[in-house]
Amino acid sequence: MSSDLHPVDVLIRRIDEDLPVPAYEHPGDAGADLRTTVDAVLEPGERAVLPTGVAIALPDGYAAFVHARSGLAARCGIALVNAPGTVDAGYRGEIKVIVVNLDPRERVVFHRGDRIAQLVVQRVEKVRFHEVAELPGSARAAGGFGSTGGHAAVSIPAAGQKDSSVPDREGQ
Ligand SMILES: O=c1ccn([C@H]2C[C@H](O)[C@@H](COP(=O)(O)OP(=O)(O)OP(=O)(O)O)O2)c(=O)[nH]1
Ligand SMILES: [Mg+2]
């Protein structure tokens, strides 16, 4: 089991040698922040594939997942189109981040070196699929997509309503 005390060793190559390698900001963090090597301007609804300047060689049995940063999501509406992005153990190319600006009104400006996403490395299982005519029964069976109900209780803020728990753009 990996931890802060017993991390998994991962080889990393800097394609852009002037930017720091991804790092965990705090002990106990699951994600190491990825930086964009380029400036980018995203108009509302626009997406971009941003290079991070790093390539890695994960050990067999691991994958890395590119996740959004909650601050950028809450303040600016930045999401990942393919959230989370999957980096395969055999991938040796540059890690890229597919960002989209979901804010309906404001453009988002990224500068080279900005931390735009985070990389979470995890063990992954490889399975062998066995085809059968009938699957074994279960309590859930084919129920899904809201089969347990309860959605009427979800409150959706009205458009333009300000959430005081989210800092303003000025507070970035
Ligand atoms: O957010 C991402 C997602 C993927 N990748 C890289 C690593 C991954 O190993 C490779 C392929 O990703 P994926 O399998 O998701 O894409 P695909 O469209 O299926 O491409 P391929 O046919 O090359 O597998 O692209 C990234 O750098 N960032
Ligand atoms: Mg693929």
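As the structure is a prediction and not an experimental result, all values here were calculated from the model.

Caption draft 1: Local environment of the site of ligand 1. Close contacts around ligand 1 come from V66, N82, G85, T86, V87, D88, Y91, E94, I95 and K96, and that covers them all. One of the side-chain nitrogen or oxygen atoms of N82 is found 3.1 Å away from an oxygen atom of ligand 1. Within the backbone of K96, a nitrogen or oxygen atom sits 2.7 Å from a nitrogen atom of ligand 1. Calculation on ligand 1 without its partners gives an accessible area of 560 Å², and the protein chains cover 49% of this total.

Caption draft 2: The arrangement of the side chain of D16 in detail. By the element assignment, D16 lies in the loop between β1 (11-14) and β2 (32-35). The class for D16 is buried, based on a relative accessible area of 15%. Within the structure, D16 has its side chain in polar contact with the backbone nitrogen of D18 (distance 3.1 Å). Excluding residues within four positions of it along the chain, D16 makes contact with T37, G53 and R112.

Caption draft 3: Geometry of the UniProt feature "binding site: substrate" (unreviewed entry) in the protein. Cross-referencing UniProt, the feature "binding site: substrate" (unreviewed entry) maps to R69, S70, G71, N82, T86, V87 and D88 in the present numbering. For this annotated set, covering 20 residues, the C-alpha atoms extend up to 26.3 Å from each other, a dispersed arrangement in space. Within the secondary structure, R69 sits in the loop between β6 (62-67) and α1 (70-76). Residue contacts for R69: discarding those within four places in its chain leaves D33, R115, I116, A117 and Q118. Along the polypeptide, N82 turns up in the loop between β7 (78-80) and β8 (85-87). The class for N82 is partly exposed, based on a relative accessible area of 35%.

Parameters at a glance
Residues numbered from 1 in each chain as written. Chains lettered and ligands numbered in written order. Predicted model: local features only at pLDDT ≥ 70, side-chain atom pairs only at ≥ 80, totals over all residues. Heavy atoms only, no water. Near = heavy atom within 4 Å. Polar contact = N/O pair within 3.5 Å; in protein donor to acceptor, adjacent residues only side chain to side chain. Areas by Shrake-Rupley, 256 points an atom, 1.4 Å probe, with all protein chains shown as cover. Helix = DSSP H or I, 4+ residues; strand = E, 2+ residues; numbered from the N terminus. Buried < 20%, exposed > 50% of the residue type's maximum accessible area, 1.4 Å probe, protein only. Contact = heavy atoms within 4.5 Å. UniProt positions renumbered as here; feature names shortened; annotations may be inferred.

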